Every structure is written in C-alpha cells, then in structure tokens.
There are 2 protein chains.
Amino acid sequence: MQKLYVVGLGPGGREYMTGEARAALEEAELLCGYTVYIDLIRADYPDKEVLATPMTQEIERCRMAVEAAESGKTVAMVCSGDAGVYGMAGLIYETAGENSPVEIVVVPGITAALSGAAVLGAPLIHDFAVISLSDLLTPWETIEKRLRAAGEADFCICLYNPSSKKRADYLKRACGILLESRDPQNACGWVKNIGREGQESRVMTLSELMEEKVDMFTTVFIGNSSTRVMGGKLVTPRGYENKRK
Amino acid sequence: MQKLYVVGLGPGGREYMTGEARAALEEAELLCGYTVYIDLIRADYPDKEVLATPMTQEIERCRMAVEAAESGKTVAMVCSGDAGVYGMAGLIYETAGENSPVEIVVVPGITAALSGAAVLGAPLIHDFAVISLSDLLTPWETIEKRLRAAGEADFCICLYNPSSKKRADYLKRACGILLESRDPQNACGWVKNIGREGQESRVMTLSELMEEKVDMFTTVFIGNSSTRVMGGKLVTPRGYENKRK
C-alpha cells in the first residue's frame, strides 16, 4: 500500500523538525506543499520530485498529492507547524475519502502555540484554548462565541492568524470581547516569525494588546488571570504555590 | 551565563524529539527529570551526570535543577511531551525568580494533544481547547466551568489526565457535562501509551466514551459538531467543503 505522509515541519528551520518528520521526507519520492514551505526543505533533498502550489490552492494541492499516492508514489505533503492544527491532515483524509487504497500517516510537528509559548516563557502551562481569527472558512459569529467562552472560563488563549490586510482590526475586536470578562492588566504577548529570521516578541497587557499592530506571521498569547510577567517572561502558574504553602 | 534548558521530549522514543531538543541534551552537563523520563534518554548519554526524582517531587526537582545551574553547570530538565504544556517550564521560572543569573531556555516538544491527534487522524484541525481533569492542583469547579464553556462553544477538546485511581469517575463526570450541550453521537476517541510500546487507540461516540475505562496514560479527544469518522479516523473539517461548493 502506498503511503501519504502529512508532515508538520515545525516553525521554520530544520532543527525544529522531529526525527520522524525527517525520516518521512527521506522516504518520500514526491514532496508536495505550499511554495514557501517547500522552499524550506528543498535544498536538503535536491534529487526529489517536488510539487509546489501557491497559497489558497489547498484543495488542488491535496487532490494532486492523493492522486500521486494512488498512482504508486510515496508522497509527503508538508505543512508548517503541525499538520493536524489548521494544517492539511484533515483535507487529505477528506480528499482521499473512505475507500482510498492509500495509507495516510500524520506526522506531528511543533505548532506555533508551542514554539511561540517557549519564546515568551511558559504562558500555556495550564488549560488553554487555540482560536484562529481568520474568517475565511469560519463565520465570525463562531469565532466571537469561542473568544467569549475562552475569556469567561479563564483559559490561557493562543490566537492564530490574528490579522491580515483585509482583517486589520480583528485583533482589536477580539481583545474587546476578552475585555468583557478579563482585567485590562491581563498579561499577554506575541511572537512574530517564530524560529525564523527576524523573530521578534513582546510582552504587554491586554489593553495594550488591543492597540498592537500585528501581521499574519504573528501568534498572540493571552494568559489566564494567574499569569504573571517575571523577568520579561510570561509565566502561568500551575498551582504548585498552593501545594508549597 | 549558565543555561538551564527545559526540554520537551515528545511522546516517547527518540524519533519524536526535535533536533533542538537533542542539541540541548548534548550540550547539558547534568540531566534532571522524573525517573521515567530520565530512563528514556539515559542510554543515549551514558557519561552525563543524572539527577532523577520520583513523581510528585516537582518542587524539589526544579529547586535542584536551578541550584545546579546557579552553581555553574549547564542543565537540561526533561519533560515528556512539551515542557510548556502541564510541564516544568513554569515552575522553573517561578523557582529561579526574577533576578536569577541563569538563562532559562524552553525547548518545545510534541505534546500529547498533537501526537495523539495524529494517531486518531485529524481531530484538532480547527479551534480546540486542552483541559486537564486532574484536580490535584486545580479546583474541580474550575475544570467543570472550562468543560462547560468548551462544550457550548463547540471547540474540539483534548483531555489530559482523564483518570487515576483516586479519580476513577472523572471522565464520566466530564462527559456528563459535555452532554449538556453536545449530541450523544459526537465523535470521540482516545489514545493510550502514545508513541510507546503498547500504543492503543479507539474511536467512539460521546455517549460510549462516558462508559470507557481509561487510565492515566490515556489522552482523550472530543470532536466538534462537524467532526466525522472516516475509514476509522476522526476528521474535523476546516470548512473547505463550503469553499468547494
């Protein structure tokens, strides 16, 4: 049976890939993916066949990957971060369908919630929610409902796709919703270009976050009511201090 | 300045570690951690000094790691999964305090939400919440509130620590709360011993999950209202099917 690996590359450079991901790329005869991610790995596999498609061509990209696997090739579809978090794993299963002869293997990677949290300190140590602010595929009402729920239940929160040209004010709107239940001083932060050239990060309050200008390469973190700033890092306690007393 | 790495090992075997994690272990002079995790890596570093402490000794373990780093050693504190998700990263910052001379570097790893999701298919493709059912450090009322919020806002949900000897009925209680807002047919699954010997997984409905017996080495997944079972895998659509129409 031909294998179709759906591989999470992690945040950027090859040092963030797992051994399992590297083995899948090694085994594959054809590497598929969005042009930018293919370019990250291309130099390491100069002799492999490559199929790079532009952004927003996700459906076409998955169809080509599944067809190549069905025709007998071992294929690796690459995604940044984790293949199973806003990645291609779901669409690959949907494209292959119930009775596909292809064996689909999802290879997890370090998603931006984890790599960004590590840069900022330890903001997601406790229960957390991951929410994308992109309304390309999700109605804004659903996004608002999830923001409100995560705010009220005091989750740590990680926001993906906080902004784009067409959605310049979405982070501001999200912060407004969180401020219905959260203190304006709630500790927050963002990381830009995680694990890549030009990595930047900042720690701030929720009311300051509301005025931040971020781009589509930024991941945003909102602590819970216990999260503190310590030596410039965001630290969410797990509750050991109560045990210590 | 001495470095204290807090390293996520991923789910088990060394193939799940990132290159960054391996480099940190290589550089460290002293490896610290819970006995079980130290045993996973000890054989690869036979000449390194090792400091293994039993479970529930987290405060003592972090104190020893910080003191060793302050005394001039390069230290790696290892955690299973990700150091920043119910891991030691937060407690290391708290133990070191504001003015520590030690540089703390968090090295992310594949947490069970990601590695378990990959085994089951693609359950966490869309917005998701991660909740621990352990009430050792968190009041049960807080856990209930978060379960209710995540259920009502139609998050995909991943449950850590779903059971222990003292908390044999916690998963049942959690399912009961989710059933207030979710369909009994809501697609669910669990994975046990992820990435280790004896890995097992099962896909089922929410009402079936309520009757499952799981242990502390199990991670539980509850899809959102769109999650389907396809060829035995849990698949959460991202919304491309609407785009396709």
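In this text the structure is predicted, and so the values were computed from the model without any measurement. (Residues numbered from 1 in each chain as written. Chains lettered and ligands numbered in written order. Predicted model: local features only at pLDDT ≥ 70, side-chain atom pairs only at ≥ 80, totals over all residues. Heavy atoms only, no water.)

## Quick notes on the interface of chain A and chain B
Taken together, the contact between chain A and chain B spans 68 residues of the former and 68 residues of the latter. Summing both sides of the interface, chain A and chain B together bury roughly 6100 Å²; the carbon and sulfur share of this comes to 60%. It is L137, R146 and Y240 of chain A in chain A that bury the most area against chain B; as a group they hold 13% of the surface buried on that side. Inspection of the region where chain A meets chain B yields six salt bridges. The residue R228 of chain B makes a salt bridge to E94 of chain A at a minimum N-O spacing of 3.3 Å. At the boundary of chain A with chain B, the tally comes to 34 residue pairs in polar contact (both at pLDDT 80 or more). Broken down by element, the side of chain A that touches chain B gets its largest block of residues, six residues, from helix α4 (residues 89-96) of chain A. Of the residues belonging to the side of chain A that touches chain B, the class tally is 32 nonpolar, 18 polar and 18 charged. The pairing of strand β7 (residues 128-132) of chain A with strand β7 (residues 128-132) of chain B spans three bridges and is classified as antiparallel. Residue pairing in the sheet places V130 of chain A in a bridge with F128 of chain B of β7 of chain B. (Contact = heavy atoms within 4.5 Å. Buried area = accessible area lost by both parts, 1.4 Å probe. Salt bridge = Lys/Arg side-chain N within 4 Å of Asp/Glu carboxyl O. Polar contact = N/O pair within 3.5 Å; in protein donor to acceptor, adjacent residues only side chain to side chain. Helix = DSSP H or I, 4+ residues; strand = E, 2+ residues; numbered from the N terminus. Nonpolar A, V, L, I, M, F, W, Y, C, P; charged D, E, K, R; others polar. Pairing = 2+ DSSP bridges.)

## Let's talk about the sheet that holds strand β13 (residues 233-235) of chain A
By definition, the strands of a sheet pair up through backbone hydrogen bonds, in either a parallel or an antiparallel sense. Residue and element names in this part refer to chain A. Across the sheet, three strands lie side by side as β6-β13-β12; this open sheet has mixed pairing. The strands lining the two open edges of the sheet, one partner per strand, are β6 (121-122) and β12 (228-230). Alignment of β6 against β13, held across two bridges, turns out to be parallel. Bridged to G121 within β13 is L234.

## Some details on the nonpolar core
Formed by 52 residues in total, the largest nonpolar core has its most connected members in F155, L159 and L209 of chain A together with F155, L159 and L209 of chain B. Residues contacting L209 of chain B, with those up to four places away along its chain left out, are L171, C175, C188, W190, M204, V220 and I222 of chain B. Listed in part, the 39 residues of the second largest apolar core include C158 of chain A together with V119, C158 and I194 of chain B. (Core = buried A, V, L, I, M, F, W, Y, C linked by side-chain atoms within 4.5 Å. Buried < 20%, exposed > 50% of the residue type's maximum accessible area, 1.4 Å probe, protein only.)

## Brief notes about the relation of the copies chain A and chain B
Put simply, the two copies of the chain differ by a rotation about an axis and a shift along that axis. Once turned by 180° and shifted 0.0 Å along the axis, chain A lies on chain B with an RMSD of 0.0 Å. What we have between these two chains is a two-fold relation. Mapped onto chain B, 100% of the interface residues of chain A again fall at the interface, so both copies present the same surface. (Least-squares fit on C-alpha atoms with pLDDT ≥ 70 in both.)

## Concerning the sheet that holds strand β1 (residues 3-8) of chain A
Residue and element names in this part refer to chain A. Pairing is parallel in the open sheet, where five strands are placed in the order β3-β2-β4-β1-β5. On the outer flanks of this sheet lie β3 (49-53) and β5 (103-107), each paired with one strand and no other. Mean inter-strand twist for the sheet, computed between neighbouring axes without regard to direction, equals 20°. As judged from the five bridges shared by β1 and β5, these two strands associate in the parallel manner. When the sheet's bridge partners are listed, V7 is paired in β5 with V107. In the packing of helix α1 (residues 19-27) onto the sheet, the strands contacted are β1, β2 (30-34), β4 (75-79) and β5, and the crossing angle to β1 comes to about 140°. Relative to the sheet, α4 contacts β1, β4 and β5, its axis offset from that of β5 by approximately 175°. (Axes fitted to C-alpha atoms, helices over the stretch in contact; angles between N-to-C directions.)

## Considerations on the confidence of the model for chain A
Taken over all residues, the pLDDT of chain A has a mean of 94, while the share at 70 or more is 98%. Here the complex is predicted with pTM 0.96, and the ipTM for its interfaces comes to 0.96. (pLDDT = per-residue confidence, 0-100.)

## A short note on the side chain of S100 of chain B
Residue and element names in this part refer to chain B. Structurally, S100 can be placed in the loop between α4 (89-96) and β5 (103-107). Judged by relative accessible area, which is 18%, S100 ranks as buried. Polar side-chain contacts of S100 include one of 3.0 Å to the backbone nitrogen of V102.

## Examining the state of the cysteines
Inspection of every chain in the model, using the stated rule, returns zero disulfides over all chains. Between C188 of chain A, a cysteine without a disulfide, and C175 of chain A, which holds the nearest cysteine sulfur, the sulfur-to-sulfur distance is 6.5 Å. Lacking any disulfide linkage, C79 of chain B is separated from the closest cysteine sulfur, that of C62 of chain B, by 7.8 Å. (Disulfide = S-S within 2.5 Å.)

## Quick notes on the pattern of salt bridges
If you walk through the whole model with that rule in mind, you get 30 salt bridges over all chains. The partner of D154 of chain B in a salt bridge is R146 of chain A, with the nearest N and O atoms 3.9 Å apart. Of this pair, D154 of chain B sits in the loop between α6 (140-152) and β8 (156-160) while R146 of chain A sits in helix α6 (residues 140-152), placing the two residues on different chains. Each member of the pair, D154 of chain B as well as R146 of chain A, carries the same accessibility label: buried. A salt bridge links K172 of chain B to E211 of chain B; the nearest nitrogen and oxygen atoms lie 3.3 Å apart. Of the two residues, K172 of chain B sits in helix α7 (residues 170-178) while E211 of chain B sits in the loop between α8 (206-209) and β11 (218-222), which places them 39 residues apart along the sequence. Taking relative accessible area as the criterion, K172 of chain B reaches 39% and is therefore assigned partly exposed. Residues joined by salt bridges that share partners form a network here, namely D127, D154 and R182 of chain A together with R146 of chain B.

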